[in-house]
Amino acid sequence: MITHLKKLFQNPKFPDQDEQRIADSLHTLLIIFLVGSLLYFVLAFIATGIFNLRLLLVAVPLLACPVLLNQLQRGRVQMVALTASVGLWGIFTISAVTGGGLHGPGYMGYSVAILVTGITINWRAAFIMTIMSMAMGLYMVYGVTNGLIFMRSYTPLESWGAISIYFAIIAAISRQTVKDLLNTRIFLRNREKQYRSLVENSPDFIIRLDGNLRYVYVNPAVGLASGLPSQAYIGKTNQELGIGLEQVQAWEAEARQVFKTGKEKTIEFIYPVLNAGKRQFQARLTPEIGEDGKIETVLSVVRDITDFKKAERLQLEIEQERELLDLKQRFIETASHDFRTPLSIIQSSAGLLENYHDRMSPERRLAKLQQIQSQVDRMARMLDRILIISKSNAGKITLSLAELDLKLFCRRIWEDVIGIDKHSHEMIFNYQATIKKITADERLLQYVIINLLSNAIKYSAPDQPVEFKVTNNEEWVEFCVQDKGLGIPAADLDYLFEPFHRASNVKNIDGTGLGLLIAKNYVELHEGTIGVESEEGVGSTFIVRLPITNTPINHQSSP
């Protein structure tokens, strides 16, 4: 118990200087009230022997002070300060009302309570407590005037003391207010210095434009890039500065849009830089709203992305090179496998002709020669497709656009496919297009459709249906090839258009794994799309969409 009491009387320690100052003041104040309340309570009780309301009011701080001291030792500074201030104010308010007025100790109590609040909490709390005290004073004046409260007359000393106390309260509040304002001003000034330091030393171009696209601010980086001092821009437009490049005009057009819509924009453009040639930039245009809710200025942060774009292109080239190496590796693996079979057949047939031609009938010799020719054709087709893929990757496919009679074109392809099929499947030609002509490369488009139809026949059992459907809308013509054949496993769908990739369920059916890739490249040259819907064991549907009026992307011609 004694140890605990000793601890209450020890000053608490805080690492923060402001908290330590507040804690020291509170600790001293609480000790004074604890000791003073105890002495007053003992002496008054001995003198009167009556436990009345005044003794009860004294007993409250007598019991509260040890609790607050304990909380202070636990590090709860603000909570103790608030409790002490409000408690003191309440005690003296009740004492003043019940006692018929404020006497010397009452004035002192009010001042202490409000000063503690103003110093340790904040000026707003002190101000509120002062207003409450004045309201209580008005109530007392009303009570005296109407005979509800008896109030003795004051001496000049007490009157001047009351005035001095309220001036002290106002001074404490004002001091804290000024201190808060000064701290805020210092904080804002420091933030402004930090912001200006960042902006002034930023390698990015930081520009602020007003509604007339006049420069309000430019950072030094703009001047270094143009050769003009930063101040030369202020209050002027690009035209007044003699800057009339097409890229700047596009940037200004976007800035006008930001003023109009209030939406942020990001653009990229090329602009010549002093001693560095043409550089690529990215500009972010952000609206700045004024107090009236309207857009006052547009902030443009312009970043040089030339090196980033070079790195991006280099990364793309590396990826393309990696894909090419991967393609070559897969070609070697595929060629070693797919060329081995025809070469073995050719070698075997040639050996038989060389050693036993005199014993063979003319029909058998012809069959062997045709077998050799068939395998040579197969290898030639594979090499041709590999050459097409190589040219496509190098952007050297020739695209010769011309107007095609759509129905005649589709009919001619369908007759060729019927000849290939030799009536082994149920062939369905469903022509529903309403347009007469499209713009396309007849040779490339013919390859795409014949490849899809040939695959549908090859991977479908005899007598199963194969449908070729042609439709259109205002923008697209659609070619749909549907079969009820093997279908494609779900695991293979994502890799269907990659070179040398074949579905896992077609191992025993001849193929190179290049036809669909070539078809995809030809479709994309026409700015079209190719997609597939398939389920293993159910069938497949390939859909090719081409724009009716084609404006192709730029491609190089074959050398």
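Preceding this section is the structure that the text describes.
Residues numbered from 1 in each chain as written. Predicted model: local features only at pLDDT ≥ 70, side-chain atom pairs only at ≥ 80, totals over all residues. Heavy atoms only, no water.

Chemist: I'd love a proper account of empty space enclosed by the protein, names of residues and values included.
Modeler: Taken as a whole and assessed by the stated rule, the structure comprises two cavities of 30 Å³ or more. What the largest cavity holds in volume is close to 240 Å³. Looking at the largest cavity, it is lined by 16 residues, and the ones nearest its centre are F205, I207, Y215, V248 and Y271. Those elements that place two or more of their residues in the lining of the largest cavity are β1 (205-209), α8 (220-226), α9 (246-261) and β3 (265-273). (1 Å grid on protein atoms, 1.4 Å probe; cavity = no way out; pocket = protein on both sides within 12 Å on 5 of 7 lines; lining within 4 Å. Points joined across faces, edges and corners; volume = space filled by probe spheres on them. Helix = DSSP H or I, 4+ residues; strand = E, 2+ residues; numbered from the N terminus.)

Chemist: Account for a nonpolar patch on the surface, naming residues and giving values.
Modeler: A cluster of nonpolar side chains, F9, V35, L39 and L43, forms an exposed patch at the surface whose accessible area comes to about 400 Å². On the secondary structure map, V35 appears in helix α2 (residues 17-48). (Patch = residues over 30% accessible without salt bridge, like charges linked within 9 Å, V, L, I, M, F, W, Y side chains within 5 Å. Areas by Shrake-Rupley, 256 points an atom, 1.4 Å probe, with all protein chains shown as cover. Salt bridge = Lys/Arg side-chain N within 4 Å of Asp/Glu carboxyl O.)

Chemist: How would you sum up the pairing of strand β7 (residues 426-431)? Please name residues and give values.
Modeler: Here β7 shows one buried face, formed by M427, F429 and Y431, and one open face, formed by E426, I428 and N430. The pairing of β7 with strand β9 (residues 465-472) spans six bridges and is classified as parallel. Each bridged residue has a counterpart across the sheet, and for N430 the counterpart in β9 is K469. (Buried < 20%, exposed > 50% of the residue type's maximum accessible area, 1.4 Å probe, protein only. Pairing = 2+ DSSP bridges.)

Chemist: Give me the lowdown on the packing of aromatic side chains, citing residues and values where you can.
Modeler: Aromatic ring pairs are reported here in terms of the distance separating the ring centres and the angle at which the planes meet. Counted by the stated rule, this structure contains eight aromatic pairs. Relative to F429, the ring of W414 has its centre 5.5 Å away and its plane inclined at 20°; by these criteria the two rings are stacked. Of this pair, W414 sits in helix α13 (residues 406-421) while F429 sits in strand β7; the two residues are 15 residues apart in sequence, bridging distant segments of the chain. Each member of the pair, W414 as well as F429, carries the same accessibility label: buried. Taken together, the aromatic side chains of W414, F429, Y431 and F468 make up a single cluster linked through ring pairs. (Phe/Tyr/Trp six-rings, centres within 6.5 Å; stacked < 30°, edge-to-face > 60°.)

Chemist: Describe the pattern of salt bridges, with residues and values.
Modeler: Applying the stated rule across the entire model yields 12 salt bridges. Between R279 and D307 there is a salt bridge; the shortest N-O distance is 3.7 Å. Taken together, the residues span a long stretch of sequence, with R279 in strand β4 (residues 277-289) and D307 in helix α10 (residues 306-338) at a distance of 28 residues. A salt bridge links K520 to E524; the shortest N-O distance between them is 2.7 Å.

Chemist: If you had to explain the packing of helix α14 (residues 442-458) against helix α16 (residues 515-525) to someone new, which residues and values would you point to?
Modeler: The interhelical angle for the contact between α14 and α16, taken along N-to-C directions, is 145°, at an axis separation of 9 Å. At the point where α14 passes α16, the crossing takes the left-handed sense. Contact with α14, carried on its side by L444, Y447, V448, N451, L452 and N455, involves G515, L516, I518, A519, Y522, V523 and L525 of α16 and no other residues of that element. For the contact of α14 with α16, the per-class residue count stands at 10 nonpolar, three polar and no charged. (Axes fitted to C-alpha atoms, helices over the stretch in contact; angles between N-to-C directions. Left-handed = near helix turned anticlockwise from the far one by under 90°. Contact = heavy atoms within 4.5 Å. Nonpolar A, V, L, I, M, F, W, Y, C, P; charged D, E, K, R; others polar.)

Chemist: Please give an account of the sheet that holds β7 that cites residues and values.
Modeler: The five strands are arranged β7-β9-β10-β12-β11 in an open sheet whose pairing can be described as mixed. Edge positions in the sheet fall to β7 and β11 (529-535), since each has one partner strand and no second. Taken pair by pair, the neighbouring strands of this sheet meet at an average axis angle of 10°, ignoring direction. Where β11 and strand β12 (residues 539-547) come together, seven bridges link them in antiparallel fashion. Looking across to β12, one finds that T529 is bridged to R545. In the packing of α13 onto the sheet, the strands contacted are β7, β9 and β10 (476-483), and the crossing angle to β7 comes to about 180°. Sitting on the sheet, α14 is in contact with β7, β9, β10, β11 and β12, with an inclination near 20° to β10.

Chemist: Kindly report on α14, identifying the contributing residues and their values.
Modeler: Helix length check: α14 (17 residues) gives 24 Å between terminal C-alpha atoms against 24 Å at 1.5 Å per residue, within 8%. Listed in full, the buried residues belonging to α14 are L444, L445, V448, I449, N451, L452, L453, N455, A456 and I457. (Expected span 1.5 Å × (residues − 1).)

Chemist: Provide a residue-level description of unusual backbone geometry, including the pertinent values.
Modeler: A positive phi angle, close to 60°, is found at L213, a residue other than glycine. Summarising the element assignment, L213 is placed in the loop between β1 and β2 (215-218).

Chemist: Mind laying out the packing of α13 against α14, listing which residues take part and the relevant values?
Modeler: At a minimum axis distance of 10 Å, the contact between α13 and α14 shows a crossing angle of 40°. Classified by the angle between their axes, α13 and α14 sit oblique to one another. α13 and α14 meet at a crossing whose hand is right-handed. Across the interface between the two elements, F409, R412, I413, W414, V417, I420 and D421 of α13 pack against E442, L445, Q446, I449, I450, L453, S454 and I457 of α14. For the contact of α13 with α14, a count of residues per class yields 10 nonpolar, two polar and three charged. (Parallel < 35°, antiparallel > 145°, perpendicular 65-115°, else oblique.)

Chemist: Can you explain the nonpolar core? Please cite residues and give values.
Modeler: Judged by nonpolar contacts, the single largest core of 47 residues is most densely connected at L406, C410, I438, L453, F468, V470 and F479. Elements represented by at least two residues in this core include exactly α13, β7, β8 (437-440), α14, β9, β10, α16 and β12. A total of eight residues in this core trace back to one element, the largest contributor, which is α14. Residues Y215, A225, L241 and A255 belong to the second largest nonpolar core, which totals 26 residues. (Core = buried A, V, L, I, M, F, W, Y, C linked by side-chain atoms within 4.5 Å.)

Chemist: Account for α13, naming residues and giving values.
Modeler: Taking 1.5 Å of rise per residue, 16 residues should cover 22 Å, and α13 covers 23 Å from first to last C-alpha, within 8% of that figure. Within the span of α13, buried status applies to L406, F409, C410, I413, W414, V417 and D421. Buried residues of α13, seen end-on, are gathered within an arc of 130° and therefore sit on one face of the element. Residues of α13 that are buried sit in contact with β6 (402-405), β7, β8, α14, β9 and β10. Note on α13: the residue one or two positions beyond its end, K422, has a positive phi of about 55°. (Arc of directions from axis to C-beta.)

Chemist: Run through the side chain of T541, naming residues and quoting values.
Modeler: Locating T541 in the fold gives a position in strand β12. Judged by its relative accessible area of 13%, T541 is buried. In this structure the side chain of T541 is engaged in a polar contact, spanning 3.4 Å, whose partner is the side chain of Q482. In this structure T541 touches C480, V481, Q482, G531, V532 and E533, once residues within four positions along its chain are discounted. (Polar contact = N/O pair within 3.5 Å; in protein donor to acceptor, adjacent residues only side chain to side chain.)

Chemist: Account for the pairing of β12, with residues named and values stated.
Modeler: Counting buried positions along β12 yields eight of nine residues, so the element is predominantly enclosed. Summarising the sheet, β10 and β12 pair through eight bridges and their orientation is antiparallel. Considered in β12, the bridge of E478 is made with R545. The turn linking β11 back onto β12 is made up of three residues, and G537 within it adopts a positive phi angle of 85°.

Chemist: I'd love a proper account of the side chain of E252, names of residues and values included.
Modeler: Topologically, E252 is positioned in helix α9. The side chain of E252 sits in the buried core without any salt bridge; R256 is the nearest counter-charge, 4.2 Å away. Within the structure, E252 has its side chain in polar contact with the side chain of N238 (distance 2.7 Å). (Lys, Arg positive; Asp, Glu negative; His and termini not counted.)

By themselves, these are just geometric observations and shouldn't be taken as functional.
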